[in-house]
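Geometric and topological summary
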Amino acid sequence: MKNLSLIQLFEQVKSRNPYETEFHHAVEEVLNSLEPLFEVEPKWLKSGVLERIVEPERLIHFRVSWVDDGGIVRVNRGFRVQFNSALGPYKGGLRFHPSVRPSIIKFLGFEQCFKNALTGLPMGGGKGGSDFDPKGKSDGEIMRFCQAFMSELYRHIGSDIDVPAGDMGVGAREIGYLYGMYKKLSNVHAQGVLTGKSINYGGSLVRTQATGYGLVYFVENMLKDKNEDFKGKRVIVSGSGNVSIYAIEKAQELGALVVACSDSNGTIVDERGLDLALIKEIKEIKRERIQRYCDVHPNAIYHADSSALYDVACDIALPCATQGEIQIEQAQQLFKNGCRFVAEGANMPSSLEAIQFFLSNDVYFGPAKAANAGGVATSGLEMSQNSLRLNWTFEEVDQRLHAIMDQIYVQAKQTAIAYKDPNNLVMGSNIASFKRLAEAMLAQGVL
Ligand code: NDP
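Residues numbered from 1 in each chain as written. Predicted model: local features only at pLDDT ≥ 70, side-chain atom pairs only at ≥ 80, totals over all residues. Heavy atoms only, no water.

Here we take up the packing of helix H15 (residues 374-388) against helix H16 (residues 394-418). Across the interface, H15 lies against H16 with an axial gap of 10 Å and an inter-helix angle of 135°. The angle between H15 and H16 falls in the class oblique. Between H15 and H16 lies a crossing of right-handed hand. Residues Gly374, Ala377, Thr378, Leu381 and Gln385 of H15 pack against Val397, Arg400, Leu401, Ile404 and Met405 of H16. The residue makeup of the contact of H15 with H16, split by class, is six nonpolar, three polar and one charged. (Axes fitted to C-alpha atoms, helices over the stretch in contact; angles between N-to-C directions. Helix = DSSP H or I, 4+ residues; strand = E, 2+ residues; numbered from the N terminus. Parallel < 35°, antiparallel > 145°, perpendicular 65-115°, else oblique. Left-handed = near helix turned anticlockwise from the far one by under 90°. Contact = heavy atoms within 4.5 Å. Nonpolar A, V, L, I, M, F, W, Y, C, P; charged D, E, K, R; others polar.)

What follows concerns the site of the ligand. The full set close to the ligand counts 25 residues, and Arg95, Asp167, Thr211, Ser264 and Arg289 are the nearest of them. Here an oxygen atom of the ligand and a side-chain polar atom of Arg207 are 3.1 Å apart. Val243 has a polar backbone atom sitting 2.9 Å from an oxygen atom of the ligand. Within the complex, 84% of the 900 Å² of free accessible area of the ligand lies under protein. Of all the secondary-structure elements, those providing two or more residues to the shell around the ligand are helix H8 (207-225) and helix H9 (242-253). (Near = heavy atom within 4 Å. Polar contact = N/O pair within 3.5 Å; in protein donor to acceptor, adjacent residues only side chain to side chain. Areas by Shrake-Rupley, 256 points an atom, 1.4 Å probe, with all protein chains shown as cover.)

What follows deals with the pattern of salt bridges. A full pass over the atoms with the stated rule returns 29 salt bridges. Put simply, Glu253 and Lys250 hold a salt bridge, and the shortest N to O gap is 2.9 Å. Taken together, the positions of Glu253 and Lys250, both in helix H9 and three residues apart, correspond to about one turn of that helix. With a shortest N-O distance of 3.2 Å, Asp270 and Arg272 are connected by a salt bridge. A single salt-bridge network, built from bridges that share partners, covers Glu29, Glu111 and Lys369. (Salt bridge = Lys/Arg side-chain N within 4 Å of Asp/Glu carboxyl O.)

Take the layout of surface pockets next. Roughly 380 Å³ of internal volume is contained in the second largest pocket. Broken down by element, the residue count for the lining of the second largest pocket peaks at six residues, all from helix H2 (residues 21-40). For the lining of the second largest pocket, a count of residues per class yields eight nonpolar, four polar and five charged. (1 Å grid on protein atoms, 1.4 Å probe; cavity = no way out; pocket = protein on both sides within 12 Å on 5 of 7 lines; lining within 4 Å. Points joined across faces, edges and corners; volume = space filled by probe spheres on them.)

Right, let's talk about unusual backbone geometry for a bit. Unlike most non-glycine residues, Asn187 shows phi in positive territory, near 60°. With respect to the secondary-structure elements, Asn187 resides in the loop between helix H7 (172-186) and H8. Of note in this structure, Met348 is not a glycine but carries a positive phi near 55°. With respect to the helices, strands and loops of the structure, Met348 is situated in the loop between strand S11 (341-343) and helix H13 (352-360).

Structure representation (structure tokens):
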């Protein structure tokens with residue numbers, strides 16, 4: 001960062017939000033890549049928009065008390081950040097993971113504002129969750145926790161106020177329990193209050209697949225720009241959760257050889273191509289560890305280390321697990337092994353140093369805000385269907401998702417070209433989304 005006003009603003013963000021390193025990272029990345037815009041349009045620096053954009057409109061922090069199967073009272077922390085409502089009701093997922101704390105929720109909420117702006121849909125940015133760890137909990141415990149969480153959250157959300165969805169640790173089962181409790185407390189069957197619902201009470205087809213499929217549609221565009229496609233490409237995907245599974249599915253459908261994936265304990269490598277039906281059974285149905293894959297396929301190799309994934313040679317790497325998984329060492333390792341495309345299914349999987357390394361070494365890089373926007377875009381489509389009281393077919397939603405991902409790529413690419421750094425999709429997507437958001441904020445006055 002060279003601009004003095006931006007440096008001062010970033011220093012202020014750090015001192016007002018001490019120790020929130022993930023949030024600092026997210027703000028730094030955006031401010032950094034907006035510099036070329038401010039050189040051409042300095043009005044933004046004096047508009048007061050930047051000072052407001054880095055400050056959440058509201059941060060809700062609450063106690064969640066529940067009783068486990070042994071009759072012991074447990075206490076977790078719940079959060080919801082309502083970051084920016086200039087473009088529409090706050091919209092963003094809920095994450096249940098022991099690492100959840102204000103810095104994580106704020107970085108996710110901040111990124112969400114820009115991601116949602118890129119989709120072109122009327123959605124503001126928000127995010128929430130809890131430090132509750134779903135691993136090893138019984139179904140009854142998950143239900144009681146979700147009910148306790150919603151017993152506070154319900155007073156802060158609504159279809160025209162704030163519309164949460166799933167994220168890590170929150171899938172269709174959890175959304176069902178959360179929705180049931182919302183309905184009971186509010187006495188309203190307001191389907192538009194949560195997205196990611198099951199199809200039989202207001203969910204949308206394709207929502208489950210959307211982030212993974214959307215990521216692959218985005219990468220298709222990246223490949224097309226280099227006159228390439230997925231056929232025969234070696235792909236590695238981190239994680240084996242919702243985003244990973246459907247990224248693997250679509251990449252395989254388009255002819256890629258997906259050779260490795262992981263979970264938080266380790267990595268599996270299957271040179272013949274991953275058996276996705278088995279991964280779904282292990283992770284979606286049995287909720288077991290990925291290591292079980294080798295019980296059925298003894299030729300596959302298991303490494304008891306999740307970062308071993310990045311030692312596997314590939315053409316395309318899709319980090320789809322969690323923040324911070326690609327540090328400079330993993331970026332260098334990917335490059336050394338011939339990887340030429342990296343696109344983020346997870347939020348903030350790559351460090352700033354790793355991103356800089358990709359950009360300066362001609363590894364074509366698709367940043368999270370653009371590449372994983374398919375999930376929230378399809379949530380937006382779920383909200384539209386709830387308002388219309390209509391259900392679109394799988395093909396109809398998938399086509400709309402595909403069109404949105406194409407349009408996000410075009411915006412990021414054309415903006416990168418306009419600001420004379422044509423392969424820098426980080427800059428392209430940050431500038432394009434900032435302009436939409438900032439113009440809406442300016443039009444609505446100082447709030
Ligand atoms: P899930 O909870 O469904 O899956 C997360 C996966 O990541 C699990 O397989 C988990 O393994 C694995 N994982 C967690 N930590 C690590 C680690 N350190 N190393 C390797 N694997 C790890 O979450 P989602 O798939 O929904 O979300 C994944 C990422 O995508 C998150 O960053 C999320 O914010 C982002 N995202 C999700 C969207 C969605 O629609 N779901 C939308 C946009 C972004 P284990 O089973 O061991 O915990």
